[in-house]
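Coordinates in review
Spelled out, the chains give:
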Amino acid sequence: MYTKMLVLRFPAEITDKPLICSLIRRLDLCFNILKAKILPGREGLMVLELSGYKRQVNEGLRYLRAQGVKIKSVEQEIRRNDDVCIQCGACTGICPTNALHMNRETMEVIFDAKRCTGCELCMAICPVRAMEIRFSTDKVLV
Ligand code: SF4
Ligand code: SF4
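All of the points below concern the structure found in this document. Source: prediction; values computed, not measured.

The rules behind these values
Residues numbered from 1 in each chain as written. Chains lettered and ligands numbered in written order. Predicted model: local features only at pLDDT ≥ 70, side-chain atom pairs only at ≥ 80, totals over all residues. Heavy atoms only, no water. Salt bridge = Lys/Arg side-chain N within 4 Å of Asp/Glu carboxyl O. Helix = DSSP H or I, 4+ residues; strand = E, 2+ residues; numbered from the N terminus. Buried < 20%, exposed > 50% of the residue type's maximum accessible area, 1.4 Å probe, protein only. Polar contact = N/O pair within 3.5 Å; in protein donor to acceptor, adjacent residues only side chain to side chain. Contact = heavy atoms within 4.5 Å. Near = heavy atom within 4 Å. Nonpolar A, V, L, I, M, F, W, Y, C, P; charged D, E, K, R; others polar.

**Digging into the pattern of salt bridges**
Within this structure, the stated rule accounts for eight salt bridges. Between Glu59 and Arg55 there is a salt bridge whose closest N-O contact spans 3.9 Å. A residue pair is termed a helical-turn pair when its members lie 3 or 4 positions apart in one helix, as Glu59 and Arg55 do in helix α2 (residues 54-66) at four residues. Taking relative accessible area as the criterion, Glu59 reaches 32% and is therefore assigned partly exposed. Its relative accessible area of 60% is what places Arg55 among the exposed residues.

The structure is reproduced here in structure tokens:
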């Protein structure tokens, strides 16, 4: 099973189209909506986990792009500012996917963006706001 963790941005003029529904029906893909903020007539944002055969997932991405959806991986949209992080470890207990975890040998807090689902729990707990997420739904539609 091939899985992609994606950030989808829907331009205002297509937010009323049932694109995800069409995508799943056409290509027999599995999906899990992790976050969404979509209102008619405004730019929409969705964080989506998409799974299936690789060829079908890639075909699905081509379909969405052809409809005008802008697609990035979650990995491209989140980073830890290592100039700010004080390695306190507070985030490691709350991260549900172990994207933030402690290397027990070096006692270094590691950030593995490939495991991140964009839940934003680390943003709330980090005392120095070292985690930077571009797709926070709070930044959309205000
Ligand atoms: S947003 Fe933060 S807490 Fe959530 S999975 Fe990603 S690194 Fe972990
Ligand atoms: S909570 Fe913030 S400062 Fe502490 S280790 Fe995690 S990212 Fe770094």
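**With respect to the side chain of Ser51**
Looking at where Ser51 falls in the secondary structure, it is placed in strand β3 (residues 44-52). By relative accessible area, Ser51 is classed as buried at 12%. Within the local environment of Ser51, its side chain forms a polar contact with the side chain of Thr3, the two groups lying 3.0 Å apart. When sequence neighbours within four positions are dropped, the list of residues in contact with Ser51 reads Met1, Tyr2, Thr3, Leu29, Cys30 and Val57.

**Structural notes on the site of ligand 2**
Lining the immediate surroundings of ligand 2 are 13 residues, of which Cys85, Cys88, Gly89, Cys91 and Cys126 lie closest. For the shell around ligand 2, a count of residues per class yields 10 nonpolar, two polar and one charged.

**So, the environment of Glu77**
Structurally, Glu77 can be placed in helix α3 (residues 74-77). Between the C-alpha atom of Glu77 and that of Asn98, which follows or precedes it by 21 residues, the distance is 17 Å. The residues contacting Glu77, other than those within four sequence positions of it, are Val7, Arg9, Lys72, Glu132, Ile133, Arg134 and Phe135.

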